[in-house]
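# Results of the structural survey
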Amino acid sequence: MSAYVRLISDRLDFLEFKQNILLLKQPQHKASVFHELKLEDFLKIRDFSAEIEEKILLGNKITISDYEKELFIIWPPIKIYPSASTLVAKALMNEENFNTLFKYFN
């Protein structure tokens with residue numbers, strides 16, 4: 001894939017992510033923190049989420065807390081909003097892997 005096509009694909013993923021955040025968020029959740037999100041930060045978050053999904057598929061016990069800790073390092077502004085990491089995981093992961101994050105939570 002050419003660099004130009006890759007850039008367009010990444011930008012479309014970024015826009016789709018922002019749209020999904022707005023559609024998935026709870027009414028009381030302020031999604032304004034995602035206004036500050038830059039494409040470069042999104043790409044890091046997307047790649048990290050894909051890595052977590054791979055680990056889940058390999059049978060590693062990953063919790064939403066594990067996901068959240070690393071997400072806070074990748075993009076610190078998300079720390080301010082409760083449940084934002086859950087929202088990000090829901091927007092980027094398939095449903096089965098997302099549900100697995102909560103399997104070992106307790």
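Shown above is the structure to which this text applies.
If you're wondering where the values come from, they're calculated on a predicted model, not measured in any experiment.

### Quick word on the nonpolar core
- Residues F34, Y67 and L101 are the most contacted members of the largest nonpolar core, which totals 29 residues.
- At seven residues, the largest contribution of residues to this core is made by helix α2 (residues 39–57).

### Points about the packing of helix α1 (residues 3–24) against helix α4 (residues 84–92)
- Packing of α1 against α4 brings their axes to within 9 Å, and their N-to-C directions diverge by 120°. On the basis of the axis angle, α1 is oblique to α4. α1 and α4 meet at a crossing whose hand is right-handed. Residue-level contacts link F17, N20, I21 and L24 of α1 to L87, V88, K90, A91 and L92 of α4.
- Of the residues assigned to the contact of α1 with α4, the class counts are seven nonpolar, one polar and one charged.

### Some remarks on a nonpolar patch on the surface
- The grouping of M1, Y4, V5, I8, L12 and L15 at the surface amounts to a nonpolar patch, some 670 Å² of accessible area in total.
- Note on placement: L12 falls in helix α1.
- Under the relative-accessibility criterion, L12 is labelled exposed at 52%.

### Concerning the packing of aromatic side chains
- The tally for this structure, following the rule as stated, stands at six aromatic pairs.
- Where F48 meets Y67, the ring centres are 5.1 Å apart and the plane angle is 25°; that geometry is what we call stacked. A residue pair is termed long-range when its members are at least 10 positions apart, and F48 in helix α2 and Y67 in helix α3 (residues 64–74) qualify at 19 residues. Both residues of the pair, F48 and Y67, belong to the buried class.
- Linked through ring pairs, F14, F17, F34, F42 and W75 together constitute an aromatic cluster.

Rules behind the numbers
Residues numbered from 1 in each chain as written. Predicted model: local features only at pLDDT ≥ 70, side-chain atom pairs only at ≥ 80, totals over all residues. Heavy atoms only, no water. Core = buried A, V, L, I, M, F, W, Y, C linked by side-chain atoms within 4.5 Å. Buried < 20%, exposed > 50% of the residue type's maximum accessible area, 1.4 Å probe, protein only. Helix = DSSP H or I, 4+ residues; strand = E, 2+ residues; numbered from the N terminus. Axes fitted to C-alpha atoms, helices over the stretch in contact; angles between N-to-C directions. Parallel < 35°, antiparallel > 145°, perpendicular 65-115°, else oblique. Left-handed = near helix turned anticlockwise from the far one by under 90°. Contact = heavy atoms within 4.5 Å. Nonpolar A, V, L, I, M, F, W, Y, C, P; charged D, E, K, R; others polar. Patch = residues over 30% accessible without salt bridge, like charges linked within 9 Å, V, L, I, M, F, W, Y side chains within 5 Å. Areas by Shrake-Rupley, 256 points an atom, 1.4 Å probe, with all protein chains shown as cover. Salt bridge = Lys/Arg side-chain N within 4 Å of Asp/Glu carboxyl O. Phe/Tyr/Trp six-rings, centres within 6.5 Å; stacked < 30°, edge-to-face > 60°.

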